[in-house]
Each structure stands twice: as C-alpha cells, then as structure tokens.
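Coordinate inspection notes
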Amino acid sequence: MKVAITGGTGFVGRHLAERLLEHGHEVVVLGRRGRAGRDDVPSQGTFLRVDSDDLDGLRAAFLACTAAAHCAGINRELGTQTCAAVHLEGTRDVVEAARAAGIERLVMLCPTDSPPISRLVFESWGRASTSVNHHCP
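The text that follows walks through the structure, step by step, so that each part is easy to find. Keep in mind that this is a model prediction, so the values were computed, not measured. (Residues numbered from 1 in each chain as written. Predicted model: local features only at pLDDT ≥ 70, side-chain atom pairs only at ≥ 80, totals over all residues. Heavy atoms only, no water.)

1. Quick notes on helix H1 (residues 11-22)
So the rule is basically this: Secondary structure follows DSSP: runs of H or I at least 4 residues long count as helices, runs of E at least 2 residues long count as strands, and numbering of each begins at the N terminus. Multiplying 1.5 Å by the residue count of a helix minus one yields the expected span of that helix. The criterion used for residue contact is that any of the two residues' heavy atoms lie within 4.5 Å.
When the terminal C-alpha atoms of H1 are compared, their 17 Å separation across 12 residues agrees well with the 16 Å that a helix rising 1.5 Å per residue should span. Buried residues along H1 sit in contact with strand S1 (2-6) and strand S2 (26-31). With its phi angle positive at about 85 degrees, glycine 24 sits one or two positions after the end of H1.

2. Here we look at the nonpolar core
Soluble globular proteins tend to bury their nonpolar side chains together. Inclusion rule: Here, the term nonpolar core denotes a set of buried Ala, Val, Leu, Ile, Met, Phe, Trp, Tyr and Cys residues that are joined through side-chain atoms within 4.5 Å. A simple rule labels every residue: compare its accessible area, found with a 1.4 Å probe on the protein chains alone, to the largest value its type can have, and call it buried under 20%, exposed over 50%, or partly exposed in between.
Of all hydrophobic cores here, the largest spans 15 residues; its most connected members are Leu30, Leu58, Phe62 and Ile103. Elements with a contribution of two residues or more to this core: S2, helix H2 (55-62) and helix H3 (83-101). Those residues within four positions of phenylalanine 62 in sequence are excluded, and the remaining contacts are Ala4, Thr6, Leu30, Ala68, Val94, Ala97, Ala98, Ala101 and Ile103. Listed in part, the 12 residues of the second largest apolar core include Val3, Leu20, Val41 and Ala67.

3. A short note on a nonpolar patch on the surface
Convention followed: Patch members must show over 30% relative accessible area and no salt bridge, and they are joined within 9 Å when carrying like charges or within 5 Å when they are nonpolar side chains of Val, Leu, Ile, Met, Phe, Trp or Tyr. The Shrake-Rupley method, run with a 1.4 Å probe, gives the accessible areas here. Residue values count only the displayed protein chains as cover. In what follows, salt bridge is the name for a side-chain nitrogen of Lys or Arg lying within 4 Å of a carboxyl oxygen of Asp or Glu.
Where nonpolar side chains cluster on the molecular surface, the patch consists of Phe11, Val12, Val107 and Leu109 and spans about 370 Å² of accessible area. In this fold, valine 107 is placed in strand S5 (residues 105-108). We classify valine 107 as partly exposed; its relative accessible area is 46%.

4. Overview of the sheet that holds S1
Test applied: Two strands pair under a simple rule: DSSP has to find at least two bridges between them. Axis lines are fitted through C-alpha atoms, for helices just across the contact stretch, and the angle between N-to-C directions can take any value from 0 to 180 degrees.
Ordered by their spatial adjacency, 5 strands build an open sheet running S3-S2-S1-S4-S5, and the pairing between neighbours is parallel. Edge positions in the sheet fall to strand S3 (46-49) and S5, since each of these pairs with one other strand and no more. The sheet shows a mean angle of 20 degrees between the axes of neighbouring strands, direction not considered. Bridge analysis of S2 against S3 gives 4 bridges, and the strand direction is parallel. Bridge pairing links valine 29 to phenylalanine 47 in S3. Contacting S1, S2 and strand S4 (67-70), H1 runs over the sheet at an angle of about 170 degrees to S1. Against the sheet, H3 contacts S1, S4 and S5, and its axis sits at roughly 170 degrees relative to S5.

5. Topic: the side chain of histidine 70
Stated precisely, the cut-off is as follows: Definition of a polar contact: a pair of N or O atoms within 3.5 Å, with one able to donate and the other able to accept a hydrogen when the atoms are protein atoms, and with sequence-neighbouring residues admitted only if both atoms are side-chain atoms.
As for its position among the elements, histidine 70 is in strand S4. What makes histidine 70 buried here is its relative accessible area of 1%. Side chain to side chain, histidine 70 and threonine 6 meet in a polar contact 2.6 Å long.

6. Section: H3
Our working rule: Axes are fitted to the seven residues ending at a residue and to the seven starting at it; the angle between these axes is taken as the bend at that residue.
When the terminal C-alpha atoms of H3 are compared, their 26 Å separation across 19 residues agrees well with the 27 Å that a helix rising 1.5 Å per residue should span. Approximately 30 degrees is the largest bend angle found in H3, and it occurs at glycine 90. Regarding H3, the residues found buried are Cys83, Val86, His87, Leu88, Gly90, Thr91, Asp93, Val94, Val95, Ala97, Ala98 and Ala101. In this structure threonine 82 caps H3, since a side-chain oxygen of it lies 3.0 Å from the backbone nitrogen of alanine 85.

7. Here's the deal with the packing of H2 against H3
Think of two packed helices as two axes; the pair is described by the angle between the axes and how far apart they sit. Put simply, the test is: Note on terminology: angles under 35 degrees are roughly parallel, angles over 145 are roughly antiparallel, angles of 65 to 115 are roughly perpendicular, and the others are oblique. Left-handed describes a crossing whose near helix is turned anticlockwise from the far helix through less than a right angle; right-handed describes the clockwise counterpart.
At a closest axis distance of 8 Å, the pairing of H2 and H3 adopts a crossing angle of 40 degrees. When the axes of H2 and H3 are compared, the pair comes out oblique. Considering only the axes of H2 and H3, their crossing is right-handed. Between H2 and H3, the residues in contact are Leu55, Leu58, Arg59 and Phe62 and Asp93, Val94, Glu96, Ala97, Ala98, Ala100 and Ala101, respectively.

The analysis is restricted to geometry; functional conclusions fall outside its scope.
Spelled out as structure tokens, the structure:
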C-alpha cells in the first residue's frame, strides 16, 4: 500500500513512516515548506514539500496513494500558523484533496495534551474531527 503522511517530518509522522516502511509499504512524506525536511525522512521514503493548506499540492501528492495519515499539527501558534489555520482549515483541505484523489482510507491523528495551549489545540482538533466526520460519512 502507498501511504501519504501529512506532517511526516514531525515526531509522530516520522515514526509512522518508519513503521510503514518496515512493514513493506511505500510512503510519501509531506512536510512544510522552508524546512530541511528530507533529513527527517527515512531513505526509502519520498519527501514532498507540501503545506496542509496547499490544496493543489495535496491533491497531486495523494494521486498515486491508496491511504493517507493526517499527522500535521501544531502545539503552539506562531505567526500565520494558528490552530484554526493548521488544524481546522488544513484538515478540511486534506479531506477535500483525499476525496478528489480517490484516497480509500484517511486516518487523522489528534493530540490530547499539548501545553502550553492545550485547550486551544484540543478544541481546534475537535472542530477538525467534526469536519472530517461530516465530510467522510
């Protein structure tokens, strides 16, 4: 199975990529623009610089994949990377791109405790999961 992983250069996404590769799957790791990124990806994985708000980039990255894991997230707001932008709007874009690309399975990971803004992070992920449930019956 070929799996796309948003937030694939982060702690969870990177470890998920490693496990999937160990089990014989192909991975396409998606990471934010401006990060070195490639250094955080196992050598057998493919790295693409695609933000979770880049709908066209997400669609293109998802085209050859059968599944996607949405691991992109933040635990603090910084500039334009707000909880609403990353968790809610980014998740909506991931869902839309996955549907357009024919992704068969979409898994969304959600942090449950991310100090110092854990309530804000948790609430934004809650709204995002409601969006996913609404768009993916």
